[in-house]
Number of protein chains: 2
Amino acid sequence: MGKKITAAFYRGDKSFTVEQIEAAQPVAGEVAVRIAYCGICGTDMHVYHGNMDARVGFNRVIGHEMSGTVAALGDGVEGLSVGQKVVVRPLDHCGECPACAAGHQHICHKLKFLGLDTDGAMQEIWNVPAHTLHVLPDDLRMDHAALIEPVAVACHDVRLSGLEPGEDVLVIGGGPIGILCAMVARDAGGKVVLSEVNKNRLAIAEKLGFDTVNPAEQDLAAEINARTGDKGADVVFEVSGSQPGVDAMTACAATRARIVMVAIHAKKPQIDLFQFFWRELKLFGARVYEPEDYEKAIAIITSGGVDADTVITDVSPLSEIQAAFEALDKSPTALKSLIKVGEDA
Amino acid sequence: MGKKITAAFYRGDKSFTVEQIEAAQPVAGEVAVRIAYCGICGTDMHVYHGNMDARVGFNRVIGHEMSGTVAALGDGVEGLSVGQKVVVRPLDHCGECPACAAGHQHICHKLKFLGLDTDGAMQEIWNVPAHTLHVLPDDLRMDHAALIEPVAVACHDVRLSGLEPGEDVLVIGGGPIGILCAMVARDAGGKVVLSEVNKNRLAIAEKLGFDTVNPAEQDLAAEINARTGDKGADVVFEVSGSQPGVDAMTACAATRARIVMVAIHAKKPQIDLFQFFWRELKLFGARVYEPEDYEKAIAIITSGGVDADTVITDVSPLSEIQAAFEALDKSPTALKSLIKVGEDA
């Protein structure tokens with residue numbers, strides 16, 4: 001008989017139940033991770049709103065922005081030991097498709113995203129494939145470590161951009177991922193301007209020391225040109241997912257600028273391809289992260305390159321997950337809400 | 001008094017006049033080039049149709065796809081000698097704008113395109129800045145050399161794509177530039193499929209040995225997947241300038257494929273940005289060429305990597321420029337029409 005643990009299940013229609021279940025033993029190749037914290041991702045909010053019911057069903061433990069410690073090792077797992085602080089890179093690939101064959105396992109054609117396509121981290125013990133683990137420094141705070149997954153998204157975006165120190169950066173959209181892109185770009189030496197229409201988000205960005213523009217009140221392209229000697233931004237992160245954001249990404253771009261498509265555009269926006277021709281712009285699609293992005297994110301969180309205490313705006317216990325989602329859904333100022341799943345290591 | 005030469009002037013409304021004018025002496029830093037051949041570019045056809053009247057006016061000698069020999073050197077020009085075979089890279093940059101400062105002189109913010117913004121090569125003697133000249137091998141045929149400018153466009157496109165030998169290439173659009181992209185990509189080791197709806201152009205592409213798909217009759221994405229083991233094309237050249245072409249460029253792309261935007265899209269098409277995210281696609285805008293693209297084009301034309309005799313479908317004397325434009329405008333099968341401006345060297 002396994003030990004009883006607490007787990008939160010998504011049950012459809014903006015509802016969770018918190019239940020006692022029997023912990024499964026890790027099978028061969030798996031590691032049991034004792035979860036400390038798990039952040040609420042924008043994707044988790046999509047689940048809450050019922051937009052992903054066909055994919056996740058109504059008996060799913062979600063959550064993937066976690067921190068924890070190794071609780072037990074399945075057969076054949078080497079190089080890890082019980083008690084180590086870890087994070088999970090929640091991607092499981094097939095190993096056989098053309099993307100895997102080309103070395104792009106993180107965008108495998110049959111990718112399983114742990115915590116959506118499988119049960120996730122909103123439970124006290126989470127069994128995951130050993131290859132998904134990254135070991136953390138012993139002295140890293142576990143609440144801060146729960147930011148590693150979203151910071152790794154930003155690290156992937158910034159790495160793909162090829163940002164060099166001193167370059168002019170425009171981040172279009174100041175939600176949690178936009179703010180993290182701005183922080184990681186600044187950490188890499190970029191001169192960052194953040195564009196956002198929401199005044200609460202603008203206030204947060206300014207508190208974090210960013211130069212901001214509100215394109216509802218100012219001509220964004222004129223502002224960027226004025227700040228860059230009529231050159232434009234060398235690197236643009238489109239994080240807004242909006243047609244005005246897509247318009248701005250070409251209007252504000254320098255000759256041969258690199259534009260990183262961070263937002264997920266469910267619709268097909270119109271794009272000013274003439275500007276792509278005229279200024280030889282480059283557009284890079286970016287999805288999740290690769291192992292090196294996780295290592296970079298761990299280094300940035302450890303060094304304080306991201307202001308974790310400002311980014312974490314709420315912490316709730318797992319027993320109050322329902323209230324935490326409801327509060328985050330209504331909050332105009334929240335950045336990252338964490339669920340405290342277990343005890344701090 | 002200078003010597004009299006023949007020159008063709010665009011006079012508006014699909015009309016040219018062929019006139020005797022006095023040849024100007026090359027000023028300091030200029031070279032007088034005796035023109036052998038000048039090809040008719042798609043841009044020249046836009047001029048003929050009156051689409052560029054505001055830019056070129058009604059007293060303009062057009063033409064830039066030329067070959068010729070050095071006729072005279074202005075003061076201060078070194079490293080060239082009378083009689084050398086040359087081509088002109090018809091770009092004159094300001095040297096002061098942010099693009100020039102970043103080393104991208106070919107897309108200078110104030111770029112002058114010789115033969116549009118200044119008089120061009122549809123005249124017996126053309127004076128150009130010395131820095132625009134590339135010297136040709138002595139034994140290169142001058143009719144073939146008139147293809148160097150459009151081949152340099154294709155060389156720029158292929159170079160920016162980063163094409164590696166053995167990669168799967170899709171060229172969308174089989175007009176003159178599409179055919180040249182296909183030829184240069186094949187010369188670089190790419191496995192090329194060409195997509196085109198016009199049956200005359202398909203026949204030419206097949207005559208040139210290309211695997212073709214007619215997307216009006218076949219499912220292009222299914223055909224590309226079938227030919228690539230469900231991987232998709234590693235490199236896509238969008239040369240059609242159409243919404244269906246833009247739809248195909250994302251639908252046929254492999255994970256992390258590089259899509260080169262060769263066509264000039266005057267309208268803003270809708271783009272499937274979700275696919276950019278999902279497969280981490282890359283889009284590269286490409287405009288004209290840089291010096292190394294000219295050197296590559298010279299090497300390809302010299303080596304026979306482009307089948308020049310098939311590409312050149314018509315040659316007319318300068319005195320018949322009017323008839324040559326009229327014929328090219330109506331022809332369903334023409335690829336490249338040349339004007340024979342002077343005597344062969």
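Residues numbered from 1 in each chain as written. Chains lettered and ligands numbered in written order. Predicted model: local features only at pLDDT ≥ 70, side-chain atom pairs only at ≥ 80, totals over all residues. Heavy atoms only, no water.

Participant: Hey, could you go over the overall build of chain A for me, with residue numbers and the actual values?
Facilitator: Secondary structure assignment for chain A yields 13 helices and 17 strands. The C-alpha atoms of chain A give 20 Å as radius of gyration, which agrees with the globular expectation for 345 residues (20 Å, within 12%). Seen through its C-alpha atoms, chain A measures out along the principal axes to roughly 70 × 45 × 40 Å. Of all 345 residues assigned to chain A, the portion counted as buried reaches 57%. Long-range contacts, defined as pairs at least 24 residues apart, comprise 69% of the intrachain contacts of chain A with a sequence gap of at least 6. Carbon and sulfur atoms make up 49% of the accessible area of chain A, which amounts to about 13300 Å² in all. In chain A, which carries 31 positive and 47 negative side-chain charges, the distance between the mean positions of the two groups comes to 2 Å. (Helix = DSSP H or I, 4+ residues; strand = E, 2+ residues; numbered from the N terminus. Rg over C-alpha atoms; globule rule 2.2 N^0.38 Å. Buried < 20%, exposed > 50% of the residue type's maximum accessible area, 1.4 Å probe, protein only. Contact = heavy atoms within 4.5 Å. Areas by Shrake-Rupley, 256 points an atom, 1.4 Å probe, with all protein chains shown as cover. Lys, Arg positive; Asp, Glu negative; His and termini not counted. Charge placed at Lys NZ, Arg CZ, Asp CG, Glu CD.)

Participant: An account of the sheet that holds strand β13 (residues 233-238) of chain B is needed here, citing residue identities and associated values.
Facilitator: The sheet built from twelve strands is open, its strands ordered β12(A)-β11(A)-β10(A)-β13(A)-β14(A)-β15(A)-β15(B)-β14(B)-β13(B)-β10(B)-β11(B)-β12(B) with mixed pairing. Whereas interior strands pair on both sides, the edge strands pair on one side only; in this sheet they are β12 (211-213) of chain A together with β12 (211-213) of chain B. Direction aside, the axes of adjacent strands within the sheet are offset by 20° on average. In the sheet, strand β11 (residues 191-195) of chain B pairs with β12(B) via three bridges, with the strands oriented parallel. Bridge pairing in β12(B) links L194(B) to T212(B). The sheet contacts of helix α8 (residues 220-227) of chain A involve β10 (168-172), β11 (191-195), β12 and β13 (233-238) of chain A, and relative to β12(A) the element is tilted by about 150°. Against the sheet, helix α8 (residues 220-227) of chain B touches β10 (168-172), β11, β12 and β13 of chain B, its axis set at about 150° to β12(B). (Pairing = 2+ DSSP bridges. Axes fitted to C-alpha atoms, helices over the stretch in contact; angles between N-to-C directions.)

Participant: Please provide a residue-by-residue account of unusual backbone geometry, values included.
Facilitator: Note: most peptide bonds trans; most residues except glycine with negative phi. Of note, the phi angle at R256(A) is positive, near 60°, even though the residue is not glycine. As for its placement among the helices and strands, R256(A) is situated in strand β14 (residues 253-261). A residue is classified by how much of its surface remains accessible, and R256(A), at 16% relative accessible area, is buried. For K14(B), which is not glycine, the phi dihedral falls at a positive 60°. Within the element layout of this structure, K14(B) appears in the loop between β1 (4-12) and β2 (15-22). Residue classification places K14(B) among the partly exposed positions, given a relative accessible area of 37%.

Participant: An account of the packing of aromatic side chains is needed here, citing residue identities and associated values.
Facilitator: Under the counting rule described, the total for this entry stands at 19 aromatic pairs over all chains. Each ring, one from Y289(A) and one from Y294(A), has its centre 5.1 Å from the other, and the planes form 75°; the classification is edge-to-face. The same class applies to Y289(A) and to Y294(A), which are both buried. Look at F277(B) and W278(B): their rings are 6.2 Å apart centre to centre, the planes differ by 50°, and that puts the pair in the tilted class. Here F277(B) falls in the buried class, since its relative accessible area comes to 10%. Each residue in the set Y10(A), F16(A), Y48(A), F58(A) and F325(A) is aromatic and connected to the rest through ring pairs, giving one cluster. Lying across the ring of W278(B), R287(A) places its NZ or CZ 3.6 Å from the centre. (Phe/Tyr/Trp six-rings, centres within 6.5 Å; stacked < 30°, edge-to-face > 60°. Lys NZ or Arg CZ within 6 Å of the ring centre and 35° of its normal.)

Participant: I'd like to hear about the relation of the copies chain B and chain A, residue by residue, with values.
Facilitator: Between chain B and chain A, the superposition needs a rotation of 180° and an axial shift of 0.0 Å, giving an RMSD of 0.0 Å. Here the copies are linked by what is in effect a two-fold axis. Of every C-alpha in chain B, the one belonging to Q270(B) sits nearest the axis of rotation, 2.1 Å from it. Taken together, the interface assignments show that 100% of the residues at the interface of chain B recur at the interface of chain A, consistent with an identical surface on both copies. (Least-squares fit on C-alpha atoms with pLDDT ≥ 70 in both.)

Participant: Hey, could you go over the pattern of salt bridges for me, with residue numbers and the actual values?
Facilitator: Where charged atoms from two side chains of opposite charge approach closely, those side chains can pair. Under the counting rule described, the total for this entry stands at 36 salt bridges over all chains. Notably, a salt bridge pairs D293(A) with R159(A), separated by 2.7 Å at the nearest N-O pair. Here D293(A), found in helix α11 (residues 291-303), pairs with R159(A), found in helix α5 (residues 148-161); they are 134 residues apart in sequence, far enough to count as distant. The buried category is assigned to D293(A), whose relative accessible area is 1%. Taking the shortest distance from any N to any O, the salt bridge between R159(B) and E290(B) comes out at 2.8 Å. (Salt bridge = Lys/Arg side-chain N within 4 Å of Asp/Glu carboxyl O.)

Participant: Kindly report on the packing of helix α5 (residues 148-161) of chain B against helix α6 (residues 176-187) of chain B, identifying the contributing residues and their values.
Facilitator: When two helices pack together, their arrangement is given by the angle between the helix axes and the distance between those axes. All names here are of chain B. Running from amino to carboxyl end, α5 crosses α6 at an angle of 60°, the nearest separation of the two axes being 8 Å. One way to sum up the angle between α5 and α6 is to call them oblique. Relative to α6, α5 is oriented so that their crossing is right-handed. In contact with P150, V151, V153, A154, C155, D157 and V158 of α5, α6 contributes I177, L180, C181, V184 and A185. Along the lines of polarity and charge, the residues of the contact of α5 with α6 split into eleven nonpolar, no polar and one charged. (Parallel < 35°, antiparallel > 145°, perpendicular 65-115°, else oblique. Left-handed = near helix turned anticlockwise from the far one by under 90°. Nonpolar A, V, L, I, M, F, W, Y, C, P; charged D, E, K, R; others polar.)

Participant: Hey, could you go over helix α11 (residues 291-303) of chain B for me, with residue numbers and the actual values?
Facilitator: Residues and elements named next belong to chain B. Counted at 1.5 Å a residue, the expected span for α11 with its 13 residues is 18 Å, and the 19 Å between its end C-alpha atoms agrees. For α11, the complete set of buried residues consists of D293, Y294, A297, I298, I300 and I301. In an axial view of α11, the angular spread of the buried residues amounts to 165°, which keeps them on one side of the axis. Against the buried residues of α11 lie β5 (85-88), β9 (133-135), α4 (142-145), α5 and α6. (Expected span 1.5 Å × (residues − 1). Arc of directions from axis to C-beta.)

Participant: Lay out the nonpolar core with the relevant residues and their values.
Facilitator: In this structure, M122(A), I148(A) and F237(A) are the most contacted members of the largest nonpolar core, which totals 99 residues. Per-element tally for this core: the top contributor is α5(A), with eight residues. Viewed by domain, this core spans two of them, domain 1 (4-147 + 306-340) and domain 2 (152-285) of chain A, each represented by three or more residues. Setting aside anything within four residues of it in sequence, one finds F237(A) in contact with D157(A), V158(A), S161(A), V169(A), L170(A), V171(A), I172(A), A185(A), V260(A) and V262(A). With 97 residues, the next largest nonpolar core counts I148(B), F237(B), V239(B) and V306(B) among its residues. (Core = buried A, V, L, I, M, F, W, Y, C linked by side-chain atoms within 4.5 Å. Domains from an automatic or database assignment.)

Participant: Give me the lowdown on the interface of chain B and chain A, citing residues and values where you can.
Facilitator: With 37 residues of chain B in contact, the opposing surface of chain A contributes 37 residues. Carbon and sulfur atoms supply 62% of the area buried between chain B and chain A, which totals about 3700 Å² over both sides. Our count for the chain B to chain A interface comes out at two salt bridges. As a salt-bridge pair, R256(A) and E290(B) come within 2.9 Å of each other at their nearest N and O atoms. One can count 22 residue pairs in polar contact (both at pLDDT 80 or more) joining chain B with chain A. At the level of elements, α3 (98-101), α5, β14 (253-261), α10 (273-278) and β15 (282-285) of chain B are the ones that each hand at least two residues to the side of chain B that touches chain A. (Buried area = accessible area lost by both parts, 1.4 Å probe. Polar contact = N/O pair within 3.5 Å; in protein donor to acceptor, adjacent residues only side chain to side chain.)

Participant: Hey, could you go over the state of the cysteines for me, with residue numbers and the actual values?
Facilitator: Tallying each qualifying case throughout the model produces zero disulfides over all chains. The thiol sulfur of C155(A) is not disulfide-bonded, and the nearest other cysteine sulfur, from C181(A), lies at 9.1 Å. Counting only cysteine sulfurs, C97(B) is the nearest neighbor of C100(B), a cysteine outside any disulfide, at a range of 3.8 Å. Classification of C100(B) as buried rests on a relative accessible area of 6%. (Disulfide = S-S within 2.5 Å.)

Taken by themselves, the reported measurements are silent on function.
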